[in-house]
Structure formats: structure tokens, C-alpha cells
Amino acid sequence: MHKIIVLDRDGVINEDSDAFIKSAEEWIPVEGSMEAIRALKQAGWTVAIATNQSGIKRGYYDRATLSSMHQKMNDLLEDCKPDWISYSPYLSGDNSPSRKPQTGMMQAIEKALNVDLKGAPFVGDTLADIQAARSMSMQPYLVRSGKGERTLATQDPMLQGVEVFDNLQALVEYLLAHGA
Ligand SMILES: O=P(O)(O)OC[C@@H](O)[C@H]1O[C@@H](OP(=O)(O)O)[C@@H](O)[C@@H](O)[C@@H]1O
């Protein structure tokens, strides 16, 4: 199986905020997330990111600012950068097929990287992430970081069977230890 993983961004890679992450200055890695992505890349994994960024349509920040956040991340990751970043600038009311829980971003990742995401891990902190993963027949994982604890507290049936890890680093250690 080709080793590819899709990561949600806010709450998984970087700390999240109910006030949105509106600048590179506000973009702060979750503890261990840079090391986790580095470990995946050094183990030969393809790493893609699928992130809802409704803050753009809300006017909180623009695409150039979003790019500066990703430049900050890439500068930290050096030669272990993600292979693809897909974002959706829309609001839930826009009914865009690109916005999670819809699967447009994952389909874009499949096309861009010429991969099949079926069975691949998807790491998120919200129900929208879990639902998007299931719609793509991916293997969903929930992290407690970001909105993960809030998501767990919903006890939504969608969470049944979803493995939970404290953060991305703990999950990646598990995946790499189990030869995933
Ligand atoms: O977790 P990812 O997909 O990487 O990004 C989530 C962010 O775009 C923002 O998504 C918003 O949800 P709404 O877009 O307002 O539903 C809120 O949850 C914010 O707190 C959060 O920062």
C-alpha cells in the first residue's frame, strides 16, 4: 500500500482558536506536530493537508496571509514539507463540495498526487473531518488536541470505532511502530 496520510490543519498540525487562526504569528505548531510530519516524510510517507479556511470568506484574512502561515510551517519542516496542501475558503452555507465534510479536497489530493486514498489514514479533530474520511473510505483517527476533546464530548455515533490519540505525534509513533 502506498503510504499516504491526510491531515486536518487547525487543531492537528497547529493550535486552533474559536477566533480562527488569522496570521502567521497566530499559527503555532501543536507540540510534536513538526516532529511527527518530519518522521512521516523520513519514513517515505506522502503527506497531504486538507483544511477548511472559511476565515477567507469571512474576511478575517486573505489568501496571501494563508500562504504566509503555510510558508512558516514549511520553513520549520525544511526538507520534510507536506506534498500537498488543499484548502476550502468557503462557508458551510456556500454548500461547496470542497468544504469538509464534503470530499472535494480529498478528490483534489488524489488527482494532484495520482494516489488512491481508500484505506489511508485521515487525522482530524472534528466530526466534519471524521465524516469526510468515512465518505472517502479512509481510516479516520481523532486527536484530542484542538477541538478533539469537544468532539469526543458529543458522543456522536459517527465516532464509534474511531481510534483516539492525544495528538498527531502520538498517532504517528503508533503508525510507524505498527508498520502502517
Ligand atoms: O480544522 P481545519 O479544517 O484545518 O480548519 C478549521 C478552521 O478553518 C476554523 O474552522 C471554523 O469552523 P467554520 O469554518 O466556521 O465551520 C472554526 O471551527 C474555527 O475555530 C477554526 O479555526
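Check the entry above for the structure.
Quick caveat, the model's predicted, so the values are computed rather than measured.

Asker: Help me understand unusual backbone geometry in this model?
Answerer: A negative phi angle is the norm for most residues apart from glycine, just as the trans form is the norm for most peptide bonds. Residue K100 is joined to P101 through a cis peptide bond whose omega torsion reads 15°. Locating P101 in the fold gives a position in the loop between β3 (84-88) and α3 (104-113). Located in the positive-phi region is N95, a residue other than glycine, with phi close to 50°. In this fold, N95 is placed in the loop between β3 and α3. Positive phi, normally seen in glycine, also occurs at Q155, with a value near 50°.

Asker: When you look at the packing of helix α1 (residues 33-42) against helix α2 (residues 63-77) in this model, what are you seeing that I'm missing?
Answerer: Two quantities define a packed helix pair, namely the angle between the axes and the distance from one axis to the other. It is at 10 Å that the axes of α1 and α2 come closest, and there the two elements cross at 65°. Relative to α2, α1 is oriented so that their crossing is right-handed. Across from M34, I37 and R38 in α1, the residues of α2 making contact are M73, L76 and L77. Of the residues that constitute the contact of α1 with α2, the class distribution is five nonpolar, no polar and one charged.

Asker: Even after reading the chapter, I still don't get the layout of surface pockets, so can you show me in this structure?
Answerer: Taking a probe equal in size to a water molecule and rolling it over the atoms shows the remaining empty space. In this model, the largest pocket occupies a volume close to 470 Å³. Looking at the largest pocket, it is lined by 23 residues, and the ones nearest its centre are D16, N52, R99, T126 and K147. Of all the elements in the fold, those that place two or more residues in the lining of the largest pocket are β2 (46-52) and α4 (127-135). Ranked by the residues each element gives to the lining of the largest pocket, the list is headed by α4, at three residues.

Asker: Even after reading the chapter, I still don't get the environment of K118, so can you show me in this structure?
Answerer: Along the chain, K118 falls in the loop between α3 and β4 (121-124). With relative accessibility at 55%, the residue K118 sits in the exposed group. Each C-alpha atom of the pair K118 and M136 lies 6.4 Å from the other, and the pair is 18 residues apart in sequence.

Asker: Would you mind going over the pairing of strand β1 (residues 4-7) with me for this structure?
Answerer: For a regular strand, side chains alternate in direction, first toward one face of the sheet and then toward the other. The alternating pattern of β1 places I4 and V6 on one face and I5 and L7 on the opposite face, and all of these are buried. Taken together, the four bridges between β1 and β2 define a ladder with parallel strand orientation. Paired with I5 across the strands is V47, a residue of β2. Each parallel crossover has a hand, and the one from β1 via α1 to β2 is right-handed.

Asker: Would you mind showing me how to read the site of the ligand here?
Answerer: Around the ligand lies a shell of 15 residues, among which D16, T51, N52, S54 and R99 are the nearest. In this structure, D10 approaches the ligand through a main-chain N or O atom, which is 2.9 Å from an oxygen atom. Taking N52, its main chain carries an N or O atom lying 2.4 Å from an oxygen atom of the ligand. Here the ligand loses 82% of its free accessible area of 510 Å² to cover by the protein chains. The cavity where the ligand resides is the largest pocket. Across the shell around the ligand, the residue classes break down as one nonpolar, five polar and nine charged.

Asker: Just to check I follow, could you spell out the environment of D166 for this structure?
Answerer: Looking at where D166 falls in the secondary structure, it is placed in the loop between β6 (163-165) and α6 (168-177). Once residues within four sequence positions are removed from consideration, D166 is found in contact with V143, R144 and S145.

Calculation criteria
- Residues numbered from 1 in each chain as written.
- Predicted model: local features only at pLDDT ≥ 70, side-chain atom pairs only at ≥ 80, totals over all residues.
- Heavy atoms only, no water.
- Helix = DSSP H or I, 4+ residues; strand = E, 2+ residues; numbered from the N terminus.
- Axes fitted to C-alpha atoms, helices over the stretch in contact; angles between N-to-C directions.
- Left-handed = near helix turned anticlockwise from the far one by under 90°.
- Contact = heavy atoms within 4.5 Å.
- Nonpolar A, V, L, I, M, F, W, Y, C, P; charged D, E, K, R; others polar.
- 1 Å grid on protein atoms, 1.4 Å probe; cavity = no way out; pocket = protein on both sides within 12 Å on 5 of 7 lines; lining within 4 Å.
- Points joined across faces, edges and corners; volume = space filled by probe spheres on them.
- Buried < 20%, exposed > 50% of the residue type's maximum accessible area, 1.4 Å probe, protein only.
- Pairing = 2+ DSSP bridges.
- Right-handed = clockwise from strand over helix to strand, strands pointing away.
- Near = heavy atom within 4 Å.
- Polar contact = N/O pair within 3.5 Å; in protein donor to acceptor, adjacent residues only side chain to side chain.
- Areas by Shrake-Rupley, 256 points an atom, 1.4 Å probe, with all protein chains shown as cover.
- Sits in = over half its atoms within 2 Å of the grid points.

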